[in-house]
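Structural features, examined
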Amino acid sequence: MASKRYFIERQPDNKLGTLTFNINSRVKNIVGSSTLAITAKAKTLKAQGYDVVNFAAGEPDFDTPDSIKAAAIKAIETGFTKYTPTIGTIELREAIAKKFQRDNNLNYKASQIIVSCGAKHSLFNIIQVLADSGEEVLIPSPYWVSYPEMVKLAGATAKFLKTSAKTNFKITPQQLSENITRSTKLLILNSPSNPTGMLYSKKELEQIAEICVKNNTFVISDEIYEKLIYDTSPYTSIGSLNKDIFDLTITVNGVSKAYSMTGWRIGYCAGRQDIMEYIQKLQDHSTSNPTSISQAAALEALQASEENVLSMRNAFKKRCEIMTSALDKISEISYIKPQGAFYVFCDFSRLGDSETTAKRILDEVNVAVIPGDSFGAPGFLRLSFATSEERIQEGIKRIAEWIRKHPIR
Ligand code: PMP
Ligand code: GLU
């Protein structure tokens, strides 16, 4: 028995008993996504009739704009329902190349662009292709929940660059330099950030780029919240700064957040041709092309006027104001006002362990939030303002009341 890789225990009557087997060692050690789990729990409670305020959601609550839906319906009706090239249709990749040129000053050819099943899938592919065992991936912390798990799946090591409110939750050039070693392969940058909402300025990106170029460190630039910024400064993509950093950067974006298309699953990435060829091979043998119908919808999203994007952005900006002014009245907590994305990352550490606080707030006053522990920041709670103004007021009111009933010991 001991030499077998797996075996099925039989009961004395030869009925099937416990199945004992090994799980792949990389998969065995990953943890599930808390953001997805808590959001699903909030949706289930709501469906069961509970009056839940959902501050957990990492997705815009707006409907997908009509012209995008119409493009998908047309795709179905005209039989655009077959396999496309693995990396996406040429029309969509050309539209993405134009978007990169227009919005980001990035000159990618269509052949350097790969469309995947969400930006999450693009990130997964890049990390599997670039990060190898024995290599380190630098992840500024607080981080989005999926980065460390993707790195673990690749067999590489995640090295966290811890940030705090003192540096507005951004890494400093000195911190980056000190943490780069011979084993460092890449840095994952996410600006605006999930969960902190912080945005790197052009100057800050220039300093980071200089260090990465000097050390030949690749950069994954996760720009999924690019369109949702409330700051007056223009958005800067790190890859646009100069030719050297362009060659080291793989830029990631998608349609989920900007066009309220989370369920359509279209994301994309762009980078050096040789890297993209490996990503294509990986995608060839995993998902093949992302859904043809969603690709037609994404093409419309990228080609339509930015009117819908702007009105959603303005609504988020207003909601951010409403949430932060309500939070300002609660003296037990603190936060830094987000410059982008749709999350307020609040320091609840004076109220004790954040996992317990999140659980109690959900159970006792029916407000769903994500504990900072999942983002590498225990003591914090992530509050999403991707819900209506009225629900934001209601949710913060409930949290304030909960805090009043549970004074700090
Ligand atoms: N990056 C970040 C920082 C995110 O918050 C998300 C949200 N899901 C993604 C990537 C992936 O987005 P999607 O897969 O829906 O394109
Ligand atoms: N990115 C969103 C969030 O952080 C959606 C859930 C997920 O994919 O993690 O909540």
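Residues numbered from 1 in each chain as written. Chains lettered and ligands numbered in written order. Predicted model: local features only at pLDDT ≥ 70, side-chain atom pairs only at ≥ 80, totals over all residues. Heavy atoms only, no water.

With that settled, consider the overall build of the protein chain. Regarding its fold elements, the protein chain presents 14 helices and 15 strands. Compactness check: the protein chain gives a C-alpha radius of gyration of 22 Å against a globular reference of 22 Å for 409 residues, within 12% of the reference. With respect to the principal axes defined by its C-alpha atoms, the protein chain has extents near 70 × 60 × 55 Å. Buried positions account for 53% of the 409 residues belonging to the protein chain. (Helix = DSSP H or I, 4+ residues; strand = E, 2+ residues; numbered from the N terminus. Rg over C-alpha atoms; globule rule 2.2 N^0.38 Å. Buried < 20%, exposed > 50% of the residue type's maximum accessible area, 1.4 Å probe, protein only.)

Summed over the entire model, instances satisfying the criterion amount to 16 aromatic pairs. In this structure an aromatic cluster arises from ring pairing among Phe-62, Tyr-225, Tyr-230, Phe-316, Phe-342, Tyr-343 and Phe-385. When the ring centre of Tyr-200 is taken as reference, the NZ or CZ atom of Lys-170 above it lies at 5.7 Å. (Phe/Tyr/Trp six-rings, centres within 6.5 Å; stacked < 30°, edge-to-face > 60°. Lys NZ or Arg CZ within 6 Å of the ring centre and 35° of its normal.)

Another point: the nonpolar core. In terms of nonpolar packing, the biggest core is built from 79 residues, with Phe-55 and Leu-383 touching the most fellow members. Val-255, Ala-258, Tyr-259 and Ala-301 belong to the second-largest nonpolar core, a separate cluster that totals 26 residues. (Core = buried A, V, L, I, M, F, W, Y, C linked by side-chain atoms within 4.5 Å.)

Let us now look at the sheet that holds strand β14 (residues 370–371). Strand order in the open sheet formed by four strands is β11-β12-β15-β14, and the pairing between neighbours is antiparallel. The outermost strands of the open sheet, each flanked by one partner alone, are β11 (334–335) and β14. Bridging between β14 and strand β15 (residues 380–384) involves two bridges; their strand directions are antiparallel. What sits directly across from Pro-371, in β15, is Leu-381. (Pairing = 2+ DSSP bridges.)

Around ligand 1, the structure places 14 residues, and the nearest of them are Ala-119, Asp-222, Tyr-225, Ser-256 and Lys-257. For ligand 1, an oxygen atom lies 2.7 Å from a polar atom in the side chain of Asn-194. Contact distances for ligand 1 include 2.7 Å between an oxygen atom and a side-chain N or O atom of Ser-256. The cavity that encloses ligand 1 is the largest pocket. No other element matches the three residues that helix α5 (residues 119–130) contributes to the shell around ligand 1. Class assignment for the residues of the shell around ligand 1 results in six nonpolar, four polar and four charged. (Near = heavy atom within 4 Å. Polar contact = N/O pair within 3.5 Å; in protein donor to acceptor, adjacent residues only side chain to side chain. 1 Å grid on protein atoms, 1.4 Å probe; cavity = no way out; pocket = protein on both sides within 12 Å on 5 of 7 lines; lining within 4 Å. Sits in = over half its atoms within 2 Å of the grid points. Nonpolar A, V, L, I, M, F, W, Y, C, P; charged D, E, K, R; others polar.)

With that settled, the discussion passes to the site of ligand 2. Taken together, the residues surrounding ligand 2 are Ser-33, Thr-35, Leu-36, Gly-58, Lys-120, Trp-144, Asn-194, Lys-257, Tyr-343 and Arg-382. Within the contact set of ligand 2, an oxygen atom lies 3.2 Å away from a side-chain nitrogen or oxygen of Trp-144. Between ligand 2 and the protein, one listed contact pairs an oxygen atom with a side-chain N or O atom of Arg-382 at 2.9 Å. Counting atoms within 2 Å of the grid points, the majority share of ligand 2 lands in the largest pocket. Class assignment of the residues belonging to the shell around ligand 2 gives a composition of three nonpolar, four polar and three charged.

Empty space among the atoms can be located by rolling a probe the size of a water molecule over them. Space inside the largest pocket adds up to approximately 510 Å³. For the lining of the largest pocket, the secondary-structure elements that each account for two or more residues are α2 (34–47) and α5. The element best represented in the lining of the largest pocket is α2, accounting for five residues. Class assignment for the residues of the lining of the largest pocket results in nine nonpolar, nine polar and seven charged. (Points joined across faces, edges and corners; volume = space filled by probe spheres on them.)

Attention now goes to the sheet that holds strand β4 (residues 113–116). What the seven strands build is an open sheet, ordered β4-β10-β9-β8-β7-β5-β6; its pairing is mixed. One side of each edge strand has no neighbouring strand; the edge strands of this open sheet are β4 and β6 (157–162). Between one strand axis and the next, the sheet turns through 20° on average, direction left out of account. Looking at chain direction, strand β5 (residues 136–141) and strand β7 (residues 184–190) are connected through three bridges and run parallel. Directly across from Glu-136, in β7, lies its bridge partner Thr-184. The strands touched by helix α4 (residues 90–104) are β4, β9 (249–254) and β10 (267–270); relative to β4, the strand with the most contacts, the crossing angle is about 115°. The sheet contacts of α5 involve β4, β7, β8 (218–222), β9 and β10, and relative to β9 the element is tilted by about 160°. (Axes fitted to C-alpha atoms, helices over the stretch in contact; angles between N-to-C directions. Contact = heavy atoms within 4.5 Å.)

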